[in-house]
Amino acid sequence: MTALNRVPSLMARAGTASALTIAAVGGSIVAPGLASDAEAATTATKALRIAASKKGSPYKWGATGPRRFDCSGLTLYSFKKAGKSLPRTAAQQYNKSRHISAKSRKAGDLVFFHSGSNVYHVGIYAGHGKIWHAPKTGDVVRLQKIWTRSVWYGRVG
């Protein structure tokens, strides 16, 4: 019997069962969107690791790796290596991502810096208010604290 088939029988025996009860006995819960969220988390975690592995790589406007990057080039490269394609620019990446609140952000989500409605920079959220990004000419890929409140968040799915 598969875990999926066990859930109804577990619930029937118990009358009702919480998600924790089902998980405790080795069952699984199937609900719309959960599989894709789990997949997105795995992809995001991989992309985050890939971006971090590029620490110290020089910034170069228009570069998409593997040795030099601009901001959206780093996110494009990282997610491509993790198995997801993104468009080329920060604004295009914002338009393609699923927009989420700051409260919902997780490591591996994209952080978009904006002025009004204009998205001008992107990085990958690393947790604890920090991002991996390729900042500007003369700088290198690095981990940095988010320096402004003018950010939006997006999840690659």
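What this report covers is the structure whose coordinates are included nearby. (Residues numbered from 1 in each chain as written. Predicted model: local features only at pLDDT ≥ 70, side-chain atom pairs only at ≥ 80, totals over all residues. Heavy atoms only, no water.)

Moving on: the nonpolar core. If you look at the biggest cluster of nonpolar residues, it comprises 23 residues, and the most contacted ones within it are Phe69, Phe79, Leu110, Phe112, Val122, Ile124 and Val141. Elements with a minimum of two residues in this core: α3 (34–53), α4 (71–81), α5 (90–96), β2 (110–115) and β3 (118–127). In this view, Phe69 contacts Lys54, Ser57, Pro58, Tyr59, Lys60, Ala63, Thr64, Leu74, Tyr77, Ala134 and Val141; residues no more than four positions away in its chain are not counted. (Core = buried A, V, L, I, M, F, W, Y, C linked by side-chain atoms within 4.5 Å. Buried < 20%, exposed > 50% of the residue type's maximum accessible area, 1.4 Å probe, protein only. Helix = DSSP H or I, 4+ residues; strand = E, 2+ residues; numbered from the N terminus. Contact = heavy atoms within 4.5 Å.)

The next subject is the sheet that holds strand β6 (residues 151–155). Taken in spatial order, the six strands line up as β1-β6-β2-β3-β4-β5 in an open sheet, and their pairing is antiparallel. For this open sheet the edge positions go to β1 (98–100) and β5 (142–145), each flanked by a neighbour on one side alone. Averaged over all adjacent pairs, the angle separating strand axes in this sheet is 45 degrees, with direction ignored. In this structure, β2 lies alongside β6, joined through four bridges in antiparallel fashion. When the sheet's bridge partners are listed, Val111 is paired in β6 with Tyr153. Sitting on the sheet, α4 touches β2, β3 and β4 (130–133), and the angle it makes with β3 is about 50 degrees. (Pairing = 2+ DSSP bridges. Axes fitted to C-alpha atoms, helices over the stretch in contact; angles between N-to-C directions.)

In total, this model carries three salt bridges according to the counting rule given. Where Arg88 meets Asp70, a salt bridge forms, and the shortest distance between an N and an O atom there is 2.8 Å. Residue Arg88 is found in the loop between α4 and α5, and its partner Asp70 is found in the loop between α3 and α4; the two are separated by 18 residues along the sequence. Since its relative accessible area comes to 7%, Asp70 is described here as buried. Among the ionic pairs, Asp109 bridges to Arg155, the shortest N-O distance being 2.8 Å. Highlighted residues: Asp109 in the loop between β1 and β2 and Arg155 in strand β6, separated in sequence by 46 residues. With a relative accessible area of 2%, Asp109 lands in the buried category. Assessed through its relative accessible area of 14%, Arg155 is described here as buried. (Salt bridge = Lys/Arg side-chain N within 4 Å of Asp/Glu carboxyl O.)

Estimates place the volume of the largest pocket at around 200 Å³. Residue lining of the largest pocket: 13 residues in total, with Tyr59, Trp61, Asp70, Cys71 and Ser72 positioned closest to the centre. Residue assignment for the lining of the largest pocket shows that the elements contributing at least two residues are α4 and β3. Broken down by class, the residue content of the lining of the largest pocket amounts to seven nonpolar, four polar and two charged. (1 Å grid on protein atoms, 1.4 Å probe; cavity = no way out; pocket = protein on both sides within 12 Å on 5 of 7 lines; lining within 4 Å. Points joined across faces, edges and corners; volume = space filled by probe spheres on them. Nonpolar A, V, L, I, M, F, W, Y, C, P; charged D, E, K, R; others polar.)

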